[in-house]
Amino acid sequence: MEEKSEASKSKEQLGQLFDKIEAMLPKEAGFSKAEFEGPDIVLYMKNAKAVYQDDSIVRAIASSIKKKLIIRSDESALMEVEKARELIKSIIPPEAVVANIKFMPRFSEVYIEALKPGLVIGKGGTTLKAISMQTGWSPKVLRTPTMSCDTLSGVRQLMFNEEDFRKKFLTKIGKDINRTLEKSEWFKATALGGYREVGRSSLLLETKGSKVIIDCGLSPEPAVRGVDANTSSENKAFPYLDSANISINDISAVIITHSHMDHMGFVPYLFKYGYEGPVYCTPPTRDMAALLLKDYVKLVQRSGGTPLYDEKDVRKMLLHVITREYNEVTNITDEVKLTYHNAGHILGSGIVHLHAGEGMYNIVHTGDMKYGYSRLLDPASVKYPRIDALFIESTYGGHADVTPNRNDAERQFMETIKRTVQGGGKVIIPVFAVGRAQEIQLALENYLTNDGPYKMDVPVFLDGMILEASAIHTAYPEYLKEGLRNRILNNRSPFESEIFEVMKGERKDIVDKGPAIIIASGGMLNGGASLDYLRMLADDPKNAVLFVGFNSANSLARRLQNGLREVVLPDEDGRLAPVKINLTVNTVDGFSGHSDRRQLMSFVENIRPKPKTVYTMHGEESKCEDLARSIGRALHVDARAPMNLDTIRLK
Ligand SMILES: [Zn+2]
């Protein structure tokens, strides 16, 4: 009786799809039910072996119904957990170094975390197949980071602990996604933030039945100050969600391009105020976001402010994340398809391709991107299935924003370090913990340890959450450049080189000792470790501060670059005191995770197919305008620099 009701429930949910699937499956598979699970469809069978043996059956069904299919064993066909655990241990070769085997009964899945996932998978997936054939459980493989990482284990644990919630949430979202919508003959975009400015990036895309948001960020400076920012600069801190006339529960989906605060720092706030829909991002973006959002909350609390949201809201957001890999086409509503492509900006950063309606309209939204050489990542992807409108970042979009090539930049960088260290001084390198920090680590590891003019015996201290961010990189080698990926896979990760020392204890201990390189988080000197070092090291002209990334117009970093020689900072006891800036202030351009002007222009020249319309974003006003003008001229297309709150009818 119960079986019948399960099947009829599935039938009700899936309608004609159910009949179509049932007709294509072999009888002996024992198809028992089908469910929506987020954007995917899960098929449960009493004898999944019948399908595992012949992959072509599933492929044929998937292509016929145009959905991703997941095959799982019916509850009745699952081996008892402890017995399955022992069997799995005996199937996987010990060289895989299995760290954890965890079962998720609500999903009929077993998660196997190992240092060498390749050995858990086996040649052509043979080991995984053996596990599912013999135990009934669907194996999922996770990589153990080569460095211990609280963030990663925390996020993974959260997903296990909240298994029931996740299952319910995914089922509900699945129903929403598969609800048939009346076809929309129009498609429009509203700029909610980050247009003719850098910060609080957000774009609303609407059809008749869907409202999708790409990015939802906080502006960098007020973000550090928390809600204190409400009074003076509220209008500049958050996206204009309130002015766009949408209620939080109208939003069908939030898509995050990457984990920098100015692109996703406002998302937990949506959850605090009742949003219950999905957040899409790549797996590394989810983990990096967990790290950065929790750090933001802590930083604001420590400085005596009230953060916009607390850790509970961050957790709620994480529980609503649906991760997607690059190049995976996903239906996020009945009429909108999402695909991520590599953006080359930071680990897991994606260029978003959205397809709305049957062949109706296609947009490419770059988020932040790098179309050029870096040590970490491949350059941004320029091949797309279709493009009508291109939304492109303009951080370095002005015609004068040409940065030196990476080789010259690295030489200049190492010269500054060599000079300072030989003169008996210390170098502070303020960086964003995610992205630039790892680029700098890779460059230093290369020059300081290999024979050449810059081989030196000097300690490199890491302070702030850099170590944690680097550890997350080691869990996702497949997102990194080939050479780096291979080093991590072969246990020669440059992030674990012995030249790096993690700051433990008092910062003063480092300050009191001899020459050193200090990589400290707090990229623009707006707070965090870097500001603390500046206060302690500013007085001595032997020392140097070395900027390697973008500094916003009002940041302390920019003011030092402009020649500021005295600054008022809180001392150890929190009392404000003047600090003389006697150390040398150096800037090396060319390490940026953003494309410079030349790279932006070659990106638009090389992108295929050619977009019909281009919109610039994420840049100071003059740069957005300048870039739009130049692209319009070069490509002979309509190119514009929209303002915040502009609504554009795309179709
Ligand atoms: Zn970014």
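Our subject in this report is the structure included herewith. Quick caveat, the model's predicted, so the values are computed rather than measured.

1. Digging into the overall build of the chain
A tally of regular secondary structure across the chain gives 24 helices and 28 strands. The C-alpha radius of gyration computed for the chain amounts to 26 Å, which stays within 12% of the reference 26 Å derived for 651 residues, consistent with globular compactness. Taken over the C-alpha atoms alone, the chain extends approximately 80 × 60 × 45 Å along its principal axes. With 651 residues in all, the chain has 59% of them scored as buried. Counting contacts in the chain only where the partners sit at least 6 residues apart, residues at least 24 apart contribute 72% of the total.

2. Some remarks on the pattern of salt bridges
Tallied over the full model, the rule gives 41 salt bridges. As a salt-bridge pair, Arg-406 and Glu-410 come within 3.2 Å of each other at their nearest N and O atoms. One end of the pair, Arg-406, and the other, Glu-410, are both in helix 16 (residues 406-422), four residues apart, so they sit about a helical turn from each other. Overall, Glu-410 belongs to the buried group, its relative accessible area being 3%. By sharing partners, the salt bridges in this structure join Lys-33, Glu-35, Glu-37, Arg-72, Glu-109, Lys-140 and Lys-167 into a single network.

3. Considerations on the layout of surface pockets
Empty space within the second largest pocket amounts to approximately 1800 Å³. The greatest single-element share of the lining of the second largest pocket, amounting to six residues, is contributed by strand 6 (residues 138-143). The class makeup of the residues in the lining of the second largest pocket is 24 nonpolar, seven polar and 17 charged.

4. So, the coordination of the zinc ion
For the zinc ion, every protein donor is listed as His-258 (NE2), His-260 (ND1), His-345 (NE2) and Asp-368 (OD), and the spread of their distances is 2.2 to 2.3 Å. For the zinc ion, the four donor atoms in the first shell make angles of 91 to 164° at the metal, a pattern classed as irregular. Counting the intervening residues between successive donors of the zinc ion yields the motif H-x1-H-x84-H-x22-D. Taken individually, His-258 and His-260 each receive the classification buried, so the pair is uniform in this respect.

5. With respect to the sheet that holds strand 19 (residues 460-463)
Judged by pairing direction, the sheet is parallel, and its six strands sit side by side in the order 20-19-21-18-22-25 without closing on themselves. With partners counted over all chains shown, the strands left at the sheet margins are strand 20 (500-502) and strand 25 (584-587), one partner each. Neighbouring strand axes in the sheet, compared pairwise and without regard to direction, differ in orientation by 25° on average. Taken together, the four bridges between strand 19 and strand 21 (residues 516-521) define a ladder with parallel strand orientation. Its bridge partner being in strand 21, Val-460 is matched across the sheet by Ile-517. Sitting on the sheet, helix 16 touches strand 18 (426-431), strand 21, strand 22 (544-547) and strand 25, and the angle it makes with strand 18 is about 145°. Most of the contacts of helix 17 (residues 436-449) go to strand 21, to which it runs at about 165°, and overall it touches strand 18, strand 19, strand 20 and strand 21.

6. Comments concerning helix 7 (residues 126-135)
The complete set of buried residues in helix 7 reads Thr-127, Leu-128, Ile-131, Ser-132 and Thr-135. End-on view of helix 7: buried residues confined to an arc of 135°, all on one side of the axis. Each element contacted by the buried residues of helix 7 is listed here: helix 3 (49-52), helix 5 (81-91), strand 5 (109-114), helix 6 (117-121) and strand 6. Gly-136 lies just past helix 7 and shows a positive phi near 85°.

7. Considerations on the nonpolar core
Among the nonpolar cores identified, the biggest contains 126 residues, and Leu-354, Phe-413 and Ile-417 are the most heavily contacted of them. Examining the composition of this core, we find that nine residues originate from one element, helix 14 (residues 283-302), more than from any other. If near-sequence neighbours (up to four positions away) are discounted, Ile-417 is found in contact with Val-427, Ile-429, Leu-444, Met-456, Ile-517 and Leu-546. Tyr-396, Val-511, Ala-538 and Phe-547 belong to the second-largest nonpolar core, a separate cluster that totals 28 residues.

8. Considerations on the sheet that holds strand 3 (residues 69-73)
Spatial ordering of the open sheet is given by 1-2-3, a layout of three strands whose pairing is mixed. Edge positions in the open sheet fall to strand 1 (31-37) and strand 3, since each of these has one partner strand only. Strand after strand, the sheet turns through a mean of 25° between neighbouring axes, direction not considered. Here five bridges tie strand 2 (residues 40-45) to strand 3, and the two strands are oriented parallel to one another. In the strand pairing of strand 3, Leu-43 is matched with Ile-71. Sheet strands in contact with helix 2 (residues 16-24) are strand 1 and strand 2, and its direction is about 135° off that of strand 1. Along the sheet face, helix 9 (residues 163-177) touches strand 1, strand 2 and strand 3 and points at about 80° away from the line of strand 1.

9. Brief notes about the packing of aromatic side chains
Throughout the structure, instances matching the rule amount to 18 aromatic pairs. The interplanar angle of 75° and the centroid separation of 5.6 Å between the aromatic rings of Tyr-371 and Phe-603 together place this pair among those described as edge-to-face. With Tyr-371 in the loop between strand 16 (361-365) and strand 17 (389-393) and Phe-603 in helix 23 (residues 597-606), the pair connects residues that are 232 residues apart, well separated along the chain. Each member of the pair, Tyr-371 together with Phe-603, is buried. Their ring planes at 85° and their centres at 6.2 Å tell us that Tyr-396 and Phe-550 sit as a pair that is edge-to-face. Of this pair, Tyr-396 sits in the loop between strand 17 and helix 16 while Phe-550 is found in the loop between strand 22 and helix 22 (556-561), placing the two residues 154 residues apart along the sequence. As far as burial versus exposure is concerned, Tyr-396 and Phe-550 are alike and both buried. Every member of this aromatic cluster is reached through a ring pair, and the members are Phe-238, Phe-266, Tyr-269 and Tyr-273. Across from the ring centre of Tyr-44, 4.8 Å away, lies the NZ or CZ of Lys-33, which sits over that ring. The ring of Phe-107 is capped by Lys-167, whose NZ or CZ atom sits 5.2 Å from the centre of that ring.

10. A few points about helix 4 (residues 55-65)
Residues three or four positions apart in an α-helix share a direction because the helix packs 3.6 residues into each turn. Residues of helix 4 that are buried: Ile-57, Val-58, Ile-61, Ala-62 and Ile-65. An end-on view of helix 4 places all buried positions within 125° of arc, on one side of the element. Along helix 4, exposed side chains directed more than 90 degrees from the buried face belong to Arg-59 and Ser-63. Phi turns positive, to about 55°, at Lys-66, one or two residues after helix 4.

Quick notes on the rules
Residues numbered from 1 in each chain as written. Predicted model: local features only at pLDDT ≥ 70, side-chain atom pairs only at ≥ 80, totals over all residues. Heavy atoms only, no water. Helix = DSSP H or I, 4+ residues; strand = E, 2+ residues; numbered from the N terminus. Rg over C-alpha atoms; globule rule 2.2 N^0.38 Å. Buried < 20%, exposed > 50% of the residue type's maximum accessible area, 1.4 Å probe, protein only. Contact = heavy atoms within 4.5 Å. Salt bridge = Lys/Arg side-chain N within 4 Å of Asp/Glu carboxyl O. 1 Å grid on protein atoms, 1.4 Å probe; cavity = no way out; pocket = protein on both sides within 12 Å on 5 of 7 lines; lining within 4 Å. Points joined across faces, edges and corners; volume = space filled by probe spheres on them. Nonpolar A, V, L, I, M, F, W, Y, C, P; charged D, E, K, R; others polar. Donors = N, O, S within 2.8 Å, 3.2 Å for Na, K, Ca; no water. Tetrahedral: all angles 85-135°; square planar, octahedral: opposite > 155°, others 65-115°. Pairing = 2+ DSSP bridges. Axes fitted to C-alpha atoms, helices over the stretch in contact; angles between N-to-C directions. Arc of directions from axis to C-beta. Core = buried A, V, L, I, M, F, W, Y, C linked by side-chain atoms within 4.5 Å. Phe/Tyr/Trp six-rings, centres within 6.5 Å; stacked < 30°, edge-to-face > 60°. Lys NZ or Arg CZ within 6 Å of the ring centre and 35° of its normal.

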